[in-house]
Amino acid sequence: MASVRIALLGCGVVGSEVARLLDENADELANRVGARLELAGVAVRRLGRDRTISGVDPSLFTTDAAGLAARDDVDVVVEVIGGLEPARGLIHTAMEHGSSVVTANKALLAEDAVSLHTAAEKHGVDLYYEAAVAGAIPLLRPLRESMAGDRVKRVLGIVNGTTNYILDQMDSAGSSFTEALEEAQALGYAEADPTADVEGYDAAAKAAILAGIAFHSPVGSGDVHREGISEVTAADVASAKAMGAVVKLLAICELSEDGNSVGVRVHPAMLPRTHPLAGVRGAYNAVFVEAEAAGQLMFYGPGAGGAPTASAVLGDVVTAARNRLGASLGPRGSWYADRPPRSMGDTVTRYHISLDVTDRPGVLAAVAAVFAQHGVSIETVRQKVEGPDDAELVIVTHRATDEALTATVEGLNDLDTVRDVLSVMRVEGE
């Protein structure tokens, strides 16, 4: 049987699982591909560490990643190093030497997807990256291929397992943000430095990739409005419960009504508990897609971890290997629409606002006047008396532009009767 030679760049949590599965499932993979998938080399940072992986010859390990990527006897290069450099240079080197590329590098793709696809087309090779968004969940290929005949209008998703675990613990166990984060770190769901997750950078990169594919337009991380969950409080979660909602960190990609622009944002939001995404628990991911013909679709599963991510990587490797044997190529990057990104201020959304106010006649009228001044309609108002001269007002708005809602909050801050704007959170799913 012929062989397809694989170079593996990186042997961490994901890379070691890829190597293990290539060996354990070698016969089945060979039958599916029509050729054996043969590991040609594994690039690592240091050789001194114990890297005993079943079926992997120790002589295959090398610190010369550039040399491995440039080998002419390699058919598919798998990049699971992460980060922008040296990953970007290694991928370009691999393509220049005729290798197709499989990567899980969301940060690089969010910044450089167009140029990477351009390079792949120039050199006549494939570029696949299913594992870059939502781990093992088949999502990018359905968006790019299965839905190529439809018009996607909206993508709404939970794409970061760490933040979903934290918010789920705050909702179900009554944990504070700090307590839930420490638990996530103890379980291995969160890094020692959780900034990329809890401040929304990870989700923003994934949102950029999703939007680019869904709307056939170049979208980078800089086009994504980003807010994290570090400011979400137990009071926010309790307030959401009181209105039959749950707090989730959402990645939202939307086509404008006229179809001429796209809005991409990541931020915490209140979702009604009846929404399919509200029931996504723990470190799981789920993405809700709305399309003109297909209607509403939901993709759900483990969004991270070595084995789930390796599953998605190997799916791409099998596809790239089949294409190699058949002298064919997979779909190219599609940017024909070239829709510009829409500013967050133009986005239409709803707000949940909690105010600490002086409890006396005329306060509600003054608050309502600020909303009216900025053209924002109030849907509901709840008042909770906190003391003889103190009350909390909880206001949920109707849909308005984010710019108008932001101006409203600034106006509320200027009222003498408003002691403090306790929290502001967007409301989605209705």
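Residues numbered from 1 in each chain as written. Predicted model: local features only at pLDDT ≥ 70, side-chain atom pairs only at ≥ 80, totals over all residues. Heavy atoms only, no water.

**Looking at helix α11 (residues 234-242)**
- Three or more residues of α11 are buried, namely D236, V237, S239 and A240. The buried residues of α11 occupy one face: seen down the axis, they fall within an arc of 160°. The exposed set on the far side of α11, more than 90 degrees from its buried face, consists of A235 and A242.
- Phi turns positive one or two residues past the end of α11, at G244, with a value near 70°. (Buried < 20%, exposed > 50% of the residue type's maximum accessible area, 1.4 Å probe, protein only. Helix = DSSP H or I, 4+ residues; strand = E, 2+ residues; numbered from the N terminus. Arc of directions from axis to C-beta.)

**Structural notes on the side chain of D356**
- Along the chain, D356 falls in strand β13 (residues 348-358).
- Excluding residues within four positions of it along the chain, D356 makes contact with D390, A391, T417, V418, R419, D420 and L422. (Contact = heavy atoms within 4.5 Å.)

**Topic: the sheet that holds strand β2 (residues 36-43)**
- Read across the open sheet, the 6 strands follow the order β3-β2-β1-β4-β5-β6; overall the sheet is parallel. The open sheet is flanked by β3 (61-62) and β6 (127-128), the only strands paired with a single partner.
- One ladder, built from 7 bridges, connects strand β1 (residues 3-9) with β2; its direction is parallel. Considered in β2, the bridge of L9 is made with A43.
- Helix α12 (residues 306-325) rests against β1, β2, β4 (76-79), β5 (100-103) and β6 of the sheet, and its axis sits at about 170° to β5. (Pairing = 2+ DSSP bridges. Axes fitted to C-alpha atoms, helices over the stretch in contact; angles between N-to-C directions.)

**Considering unusual backbone geometry**
- P86 follows E85 through a cis peptide bond whose omega is 10°.
- On the secondary structure map, P86 appears in the loop between β4 and α4 (87-96).
- Unlike most non-glycine residues, A327 shows phi in positive territory, near 55°.
- Within the secondary structure, A327 sits in the loop between α12 and β13.
- Here the phi dihedral of D338 falls at roughly 50°; this positive angle occurs in a residue that is not glycine.
- Mapping D338 onto the fold places it in the loop between α12 and β13.

**Side note on the pairing of β4**
- Burial along β4 is two-sided: V76 and V78 facing one way and V77 and E79 facing the other are all buried.
- When β4 meets β5, the two strands line up parallel, connected through 4 bridges. Each residue of the ladder has a partner; that of V76, found in β5, is S100.
- Between the parallel pair β4 and β5, the chain is carried across by α4, and the sense of this crossover is right-handed. (Right-handed = clockwise from strand over helix to strand, strands pointing away.)

Everything listed here is a matter of coordinates, which is why it stays silent on function.
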